[in-house]
Amino acid sequence: MPGSVAERGAFIVFEGCDKSGKSTQCSQLVQRLNDAGVKAELLKFPDRTTTIGKMINSYLQQSCQIEDHAIHLLFTANRWEAMPRMTELLQSGVTLVVDRYSFSGVAYSAAKPDFSVEWCQQPERGLLRPDHVFYLTLSPEVAAQRGDYGTERYEKKEIQAKAAANFDLLKDETWTVINADKTKEDLSTEIFEHAMKVVDSSKQAELAQL
Ligand code: DGP
Ligand code: NA
Ligand code: NA
């Protein structure tokens, strides 16, 4: 059809602290979207499979030290290297459901001493801007019930609390804050219903940048 514009996919991000159930909700959303006939793919940052991602993985598993600014830039580079493929998928009509993105980058790095939110945001500028962010929060009581943190680098109470405070600073009108204390099923239904609206409203919208 001359003059018709292909409908693009929506760019949906999940953010939240460790143990918030993000990864489960991301896979469930992709499943539900596919079942509803919406082409959707799951992506995750950090993507530990690339050359840069392998360095990040070693850092998180504490098998190597990387200077704080340098690791911040590696996490960012790991997102930049995914931009060509993400743009192509979105333009071809595939909805992307992404487990963590730039906001984790800023929230976790700015939790370190002497790191400002502003400094951390700078290298993120120009990355694709999500159409919507689902921010999963957990009450400290429920977080405690979910057991101990793992052994990765940031899996400590103080760092998680600082990251949560930073997420609160970063949220804007494109974010929905979701209390993740609920059951997985209730949560997944609520998120799916909202996501379908995002898919619809993103179809004709221009892709924007951070
Ligand atoms: P995950 O694989 O989702 O458990 O994330 C690994 C950990 O790395 C988690 O504690 C959050 C943190 N993280 C994710 N993205 C970034 C980032 O861009 N920068 C920093 N500093 N930390 C990040
Ligand atoms: Na983790
Ligand atoms: Na996860």
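Residues numbered from 1 in each chain as written. Chains lettered and ligands numbered in written order. Predicted model: local features only at pLDDT ≥ 70, side-chain atom pairs only at ≥ 80, totals over all residues. Heavy atoms only, no water.

Per an unreviewed UniProt entry, the protein is named Thymidylate kinase, and its organism is Batillaria attramentaria. Quoted straight from UniProt, the Pathway (unreviewed entry) entry for the protein says "Pyrimidine metabolism; dTTP biosynthesis." UniProt lists a comment for the protein under the heading Sequence similarities (unreviewed entry), and it reads "Belongs to the thymidylate kinase family." (UniProt positions renumbered as here; feature names shortened; annotations may be inferred.)

Trainee: Go over the overall build of the protein, please, and point to the residues and values.
Mentor: When you go through the protein residue by residue, the secondary structure sums to nine helices and five strands. Seen in sequence order, the protein has helices and strands lined up from the N terminus as β-α-β-α-α-α-β-α-α-β-α-α-β-α. Viewed in the frame of its principal axes, the protein has a C-alpha envelope of about 55 × 35 × 30 Å. Counting only residues that meet the buried cut, the protein has 46% of its 210 residues in that class. Contacts in the protein between residues at least 24 apart in sequence constitute 81% of all its contacts with a sequence separation of at least 6. Here the protein displays about 10700 Å² of accessible surface, and carbon together with sulfur accounts for 53% of that area. (Helix = DSSP H or I, 4+ residues; strand = E, 2+ residues; numbered from the N terminus. Buried < 20%, exposed > 50% of the residue type's maximum accessible area, 1.4 Å probe, protein only. Contact = heavy atoms within 4.5 Å. Areas by Shrake-Rupley, 256 points an atom, 1.4 Å probe, with all protein chains shown as cover.)

Trainee: Tell me what's going on with the sheet that holds strand 5 (residues 175-179), and back it up with residues and numbers.
Mentor: Neighbouring strands of a sheet are bound in pairs by backbone hydrogen bonds; such pairs are parallel or else antiparallel. Reading across from one edge, 2-3-1-4-5 is the order of the five strands in this open sheet, with parallel pairing throughout. Two strands close off the open sheet at either side, each with one partner strand: strand 2 (40-44) and strand 5. Within this sheet the neighbouring strands show an average axis-to-axis angle of 20°, counted without direction. Of the strand pairs in this sheet, strand 1 (residues 11-16) and strand 3 (residues 95-99) are connected by four bridges, and their pairing is parallel. Paired with Phe14 across the strands is Asp99, a residue of strand 3. Sheet contacts for helix 9 (residues 184-202): strand 1, strand 3, strand 4 (132-137) and strand 5; angle to strand 4, the most-contacted strand, approximately 165°. (Pairing = 2+ DSSP bridges. Axes fitted to C-alpha atoms, helices over the stretch in contact; angles between N-to-C directions.)

Trainee: Kindly report on the packing of helix 5 (residues 102-109) against helix 8 (residues 157-170), identifying the contributing residues and their values.
Mentor: Any two packed helices are characterised by how steeply their axes cross, that is the angle between the axes, and by the distance between the axes. Viewed as axis vectors pointing N to C, helix 5 and helix 8 meet at an angle of 125°, and their least axial separation amounts to 8 Å. One finds that helix 5 runs oblique with respect to helix 8. Along this stretch, helix 5 crosses helix 8, giving a crossing that reads as right-handed. Where helix 5 abuts helix 8, its residues Phe103, Ser104, Val106, Ala107 and Tyr108 lie against Ile159, Gln160, Ala163, Asn166, Phe167 and Leu170. Within the contact of helix 5 with helix 8, the residues separate by chemical class into eight nonpolar, three polar and no charged. (Parallel < 35°, antiparallel > 145°, perpendicular 65-115°, else oblique. Left-handed = near helix turned anticlockwise from the far one by under 90°. Nonpolar A, V, L, I, M, F, W, Y, C, P; charged D, E, K, R; others polar.)

Trainee: Could you give me a rundown of the UniProt feature "domain: Thymidylate kinase-like" (unreviewed entry) in the protein, with the residues and numbers involved?
Mentor: Residues annotated by UniProt as "domain: Thymidylate kinase-like" (unreviewed entry) correspond here to residues 14-191. Between the C-alpha atoms that bound residues 14-191 the distance is 10 Å, and the span itself is 49% helix and 13% strand.

Trainee: How would you sum up the site of ligand 1? Please name residues and give values.
Mentor: Among the 13 residues in the neighbourhood of ligand 1, the closest are listed as Lys44, Arg48, Arg79, Arg100 and Gly105. The backbone of Gly105 places a nitrogen or oxygen atom 3.5 Å from an oxygen atom of ligand 1. Burial of ligand 1 by the protein chains amounts to 94% of its free accessible area of 500 Å². Contributing elements (two or more residues each) for the shell around ligand 1: helix 3 (68-80) and helix 5. (Near = heavy atom within 4 Å. Polar contact = N/O pair within 3.5 Å; in protein donor to acceptor, adjacent residues only side chain to side chain.)

Trainee: How would you explain the side chain of Asn166 if you had to name every residue and give the values?
Mentor: One can find Asn166 in helix 8. Apart from the residues lying within four places of it in its own chain, the contact partners of Asn166 are Val106, Ala107, Ala110, Ala111 and Val117.

Trainee: Could you give an account of helix 8, naming the residues involved and the relevant values?
Mentor: Here helix 8 contains 14 residues, and its C-alpha end-to-end distance of 20 Å stays within 8% of the 20 Å for a straight helix at 1.5 Å per residue. Among all positions of helix 8, only Gln160, Ala163, Asn166, Phe167 and Leu170 are buried. Burial along helix 8 is one-sided: seen end-on, the buried residues are contained in an arc of 120°. Facing away from the buried side of helix 8, by more than 90 degrees, are the exposed residues Lys157, Glu158 and Leu169. (Expected span 1.5 Å × (residues − 1). Arc of directions from axis to C-beta.)

Trainee: I'd love a proper account of the pattern of salt bridges, names of residues and values included.
Mentor: Throughout the structure, instances matching the rule amount to 11 salt bridges. With a closest N to O distance of 3.4 Å, Arg85 and Glu41 form a salt bridge. One end of the pair, Arg85, is in helix 4 (residues 83-91); the other, Glu41, is in strand 2, and 44 residues separate them in sequence. On the basis of relative accessibility, which here comes to 48%, the residue Arg85 falls in the partly exposed class. The partner of Asp99 in a salt bridge is Lys44, with the nearest N and O atoms 3.7 Å apart. Taken together, the positions of Asp99 in strand 3 and Lys44 in strand 2 put the pair 55 residues apart, joining distant regions of the chain. According to the relative accessible area criterion, Asp99 is buried, its value standing at 3%. For Lys44, a relative accessible area of 40% corresponds to the partly exposed category. One salt-bridge network, in which partners are shared between bridges, spans Lys22, Lys44 and Asp99. (Salt bridge = Lys/Arg side-chain N within 4 Å of Asp/Glu carboxyl O.)

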